[in-house]
Amino acid sequence: MEYPLIIGGKEQGTLRVEQEGLYTVFEADAPGLHEGLHRIWIHGEGRSVYLGLLQPWSGGMYLRKKLSKSAMGSIPQIVERVSDKEREWTEILPQPEENSEPEAPSCPYPAPVSGEDELQWFKRPDGSLVAHDGLSSIVALPSSLRGDKRGAVLKNIAGREYILFRY
């Protein structure tokens, strides 16, 4: 199978999916692309799955990834599109009741991680959360993944403790 590879909103190459023995091989090729970091996501069945990072190659960018049958369980069987943007969010977490006060403008980057109560958190398929404050993104990982939490910014979101990172 072959799918168009959308990078920066334009078709920049192709993703080929082939069976190679017991493995499924994904080969992304973007011949005219020469600069930047481009992560590739497969979108389908209402979710997005990260495939990998394109690397410089002869005359453009390239990615080759082999997945076993068990690893293919996370890949959507019906592929809707392949792009450099993770746009498919699985669910929106409940938000606190809205205030009648006008919304404050986003604070400049790097902003302190305070006042996240008004942010809208989106849950990714891997269990992490992401929120956008207008200028940067905040990623929340379950705090149970880290043993030593000294120095980490912790926040309780939807009844679960997370470690926050700004990027």
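Residues numbered from 1 in each chain as written. Predicted model: local features only at pLDDT ≥ 70, side-chain atom pairs only at ≥ 80, totals over all residues. Heavy atoms only, no water.

**Things to note about the overall build of the chain**
Phase 1 of the analysis: For the chain, the helix and strand inventory stands at zero helices and 14 strands.
Phase 2 of the analysis: Secondary structure elements of the chain occur, N-terminal to C-terminal, as β-β-β-β-β-β-β-β-β-β-β-β-β-β.
Phase 3 of the analysis: A buried classification covers 38% of the 167 residues belonging to the chain.
Phase 4 of the analysis: A sequence separation of at least 24 residues applies to 56% of the contacts in the chain between residues at least 6 apart.
Phase 5 of the analysis: Carbon and sulfur atoms form 52% of the exposed surface of the chain, whose accessible area is close to 10600 Å². (Helix = DSSP H or I, 4+ residues; strand = E, 2+ residues; numbered from the N terminus. Buried < 20%, exposed > 50% of the residue type's maximum accessible area, 1.4 Å probe, protein only. Contact = heavy atoms within 4.5 Å. Areas by Shrake-Rupley, 256 points an atom, 1.4 Å probe, with all protein chains shown as cover.)

**With respect to the packing of aromatic side chains**
By convention here, two paired aromatic rings are described through the distance between centres and the angle between planes.
Phase 1 of the analysis: A full pass over the atoms with the stated rule returns two aromatic pairs.
Phase 2 of the analysis: Seen from the ring of Tyr23, Lys66 lies directly overhead, with NZ or CZ sitting 5.1 Å from the centre. (Phe/Tyr/Trp six-rings, centres within 6.5 Å; stacked < 30°, edge-to-face > 60°. Lys NZ or Arg CZ within 6 Å of the ring centre and 35° of its normal.)

**Observations regarding the pairing of strand 11 (residues 129-132)**
Phase 1 of the analysis: Pairing geometry for strand 10 (residues 122-123) and strand 11, over two bridges, is antiparallel. Along strand 11, the bridge assignment pairs Phe122 with Val130.
Phase 2 of the analysis: The loop that links strand 10 with its antiparallel partner strand 11 comprises five residues; one of these, Gly127, has a positive phi angle of about 95°.
Phase 3 of the analysis: Counted between consecutive antiparallel strands, the loop separating strand 11 from strand 12 (residues 137-142) contains four residues, among which Gly134 sits at a positive phi close to 105°. (Pairing = 2+ DSSP bridges.)

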